[in-house]
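As a plain string of letters, each chain reads:
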Amino acid sequence: MKSTAKTPYASQLFGNDPHETLTKGAAQRKAGFRAVKFGWGPYGQGDAATDAAHIAAAREGLGEDGILLVDAGTVWVDDVEAAAARLDALKTHRATWLEEPFISAALGAYKALAERAAPLRLAGGEGAHNFHMAQQMIDHAGLGYVQIDAGRMGISDGKRVADYAAQRDVRFVNHTFNSHIALSASLQAFAGHEKDDICEYPVEAKALSREITQSLIERDGDGLISAPEAPGLGMEIDADALARYLVQVEITIDGEVGYKTPQLT
Ligand SMILES: [Mg+2]
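As the structure is a prediction and not an experimental result, all values here were calculated from the model.

(A) How the structure looks around the packing of helix H6 (residues 131–140) against helix H8 (residues 155–167). Running from N to C, H6 and H8 point in directions that differ by 20 degrees, and their axes come no closer than 9 Å. As far as their axial angle goes, H8 and H6 are roughly parallel. Every pair of crossing elements has a handedness; the one defined by H6 and H8 is right-handed. Packed against H6, whose contacting residues are Phe 131, Ala 134, Gln 135 and Ile 138, the element H8 presents Asp 157, Arg 160, Val 161, Tyr 164 and Ala 165 at the interface. Tallied by class, the residues present in the contact of H6 with H8 amount to six nonpolar, one polar and two charged.

(B) View of unusual backbone geometry. In this structure, the amide linkage connecting Ala 118 to the following residue, Pro 119, adopts the cis form with an omega of 10 degrees. Tracing the sequence through the fold places Pro 119 in the loop between helix H5 (107–117) and strand S5 (121–124). Its identity is not glycine, yet Glu 100 carries a phi of approximately 40 degrees, on the positive side. Checked against the element boundaries, Glu 100 lands in the loop between strand S4 (95–99) and H5. A positive phi angle is found at Asp 254, which is not glycine, with a value near 50 degrees. Within the secondary structure layout, Asp 254 lies in the loop between strand S9 (250–253) and strand S10 (256–260).

(C) How the structure looks around the nonpolar core. Counting residues in each nonpolar core, the largest one holds 63 residues, and the members touching the most others are Val 70, Leu 98, Leu 143, Val 146 and Ile 148. It is helix H9 (residues 180–188) that provides the largest number of residues to this core, a total of five residues. The contact partners of Ile 148, leaving out residues within four places of it in the chain, are Gly 125, Ala 128, Ala 134, Met 153, Gly 158, Val 161, Phe 172, Asn 174, His 175 and Ala 189.

(D) Layout of the sheet that holds strand S3 (residues 67–71). With respect to topology, eight strands assemble into an open sheet ordered S7-S6-S5-S4-S3-S2-S1-S8, the strand pairing being parallel. Taken across any chain shown, the strands that pair with only one partner, and hence form the sheet edges, are strand S7 (171–174) and strand S8 (198–202). Strand-to-strand twist of the sheet, defined as the mean angle between neighbouring strand axes without regard to direction, takes the value 30 degrees. Judged from the five bridges that link them, strand S1 (residues 7–13) and strand S2 (residues 35–39) form a sheet pairing that is parallel. Counterpart to Gln 12 in the pairing with S2 is Phe 38.

(E) Quick look at the packing of helix H1 (residues 18–30) against helix H2 (residues 48–62). Put simply, H1 and H2 touch, their axes get as near as 7 Å, and they point 25 degrees apart. It follows from the interaxial angle that H1 and H2 lie roughly parallel. For the pair H1 and H2, the crossing hand works out as right-handed. Residues Pro 18, His 19, Thr 21, Leu 22, Thr 23, Lys 24, Gly 25, Ala 26 and Arg 29 of H1 lie in contact with H2, whose contacting residues are Ala 53, His 54, Ala 57, Ala 58, Glu 60, Gly 61 and Leu 62.

(F) Fine view of the pairing of S8. Across the five residues of S8, four count as buried, placing the element largely inside the fold. Examined bridge by bridge, S1 and S8 share five bridges and lie parallel to one another. Across the sheet, residue Ala 10 finds its bridge partner in S8, namely Tyr 201.

(G) Focus on H8. With 13 residues, H8 should cover 18 Å at 1.5 Å per step; its first-to-last C-alpha distance of 19 Å lies within 8% of that length. Among the residues of H8, those classed as buried are Asp 157, Gly 158, Lys 159, Val 161, Ala 162 and Ala 165. On the buried face of H8, the contacting elements are H6, strand S6 (145–148), helix H7 (150–153) and S7. Of the residues trailing H8, Asp 169 is marked for its positive phi of about 55 degrees.

(H) Geometry of the environment of Pro 202. Looking at where Pro 202 falls in the secondary structure, it is placed in strand S8. Spatially, the C-alpha atom of Pro 202 lies 28 Å from that of Ala 82, the residues being 120 residues apart in sequence. Those residues in contact with Pro 202 that lie beyond four places of it in its chain are Ser 11, Thr 176, Phe 177, Asn 178 and Ser 209.

Calculation notes
- Residues numbered from 1 in each chain as written.
- Predicted model: local features only at pLDDT ≥ 70, side-chain atom pairs only at ≥ 80, totals over all residues.
- Axes fitted to C-alpha atoms, helices over the stretch in contact; angles between N-to-C directions.
- Helix = DSSP H or I, 4+ residues; strand = E, 2+ residues; numbered from the N terminus.
- Parallel < 35°, antiparallel > 145°, perpendicular 65-115°, else oblique.
- Left-handed = near helix turned anticlockwise from the far one by under 90°.
- Contact = placed C-beta atoms within 7 Å.
- Nonpolar A, V, L, I, M, F, W, Y, C, P; charged D, E, K, R; others polar.
- Core = buried A, V, L, I, M, F, W, Y, C linked by C-beta atoms within 7 Å.
- Buried ≥ 20, exposed ≤ 12 C-beta atoms within 10 Å, placed from the backbone.
- Pairing = 2+ DSSP bridges.
- Expected span 1.5 Å × (residues − 1).

Geometry only, nothing functional implied.
Written out as structure tokens, the structure is:
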């Protein structure tokens, strides 16, 4: 199966107020990202009017032709009406998806909201630990996008989900908010799926997440990214960089050392 390039979306938090959200959207657009996701922070914590102002600001910062994605971070748990009160703004400003309005297992709430949300699609699945959990969401939650984290589910089960989703016209997306090792692992499951053409790309990762590898998965001249060509995950650990984060730990059980921080270099 041929590996296909993906459009990376800059994954970041909402600003603390709409003006900051606008600024953050414009900054990612300036950095060359055509697609941007805003999540968590104040979204869903206040009233629907404040949330609508954030969505309008996100669209303005991103520009009319940008791909706008929104992540509610399970803030409404299973409250369909609370989520539905946000749909007008999301549709007006042409968000592509609303992610995790509810906790993963609230399948009925997902389904009820999905029926009212079109053409806006729902996204979810980062909380799925195995193929069967993701399968339930694909079959019963009315998802347009299923988002799988290789760190939580593994690559083989992730690939199984990608294949299953493709048969049901649900698009597969990775969930990755930290290192490029995780990004490479998450890309493996759907690298060969041409229709699954968008991928999460961490832009607010902590320094350790960037320094853990000798290289990063960078965008090509067209602004796209691809799974590395090298064997395995195709990423090399930077042991020298990691050594700076090393914390000396020794665990003794009944006088015997059970664990001691290893030497990295
Ligand atoms: Mg999320």
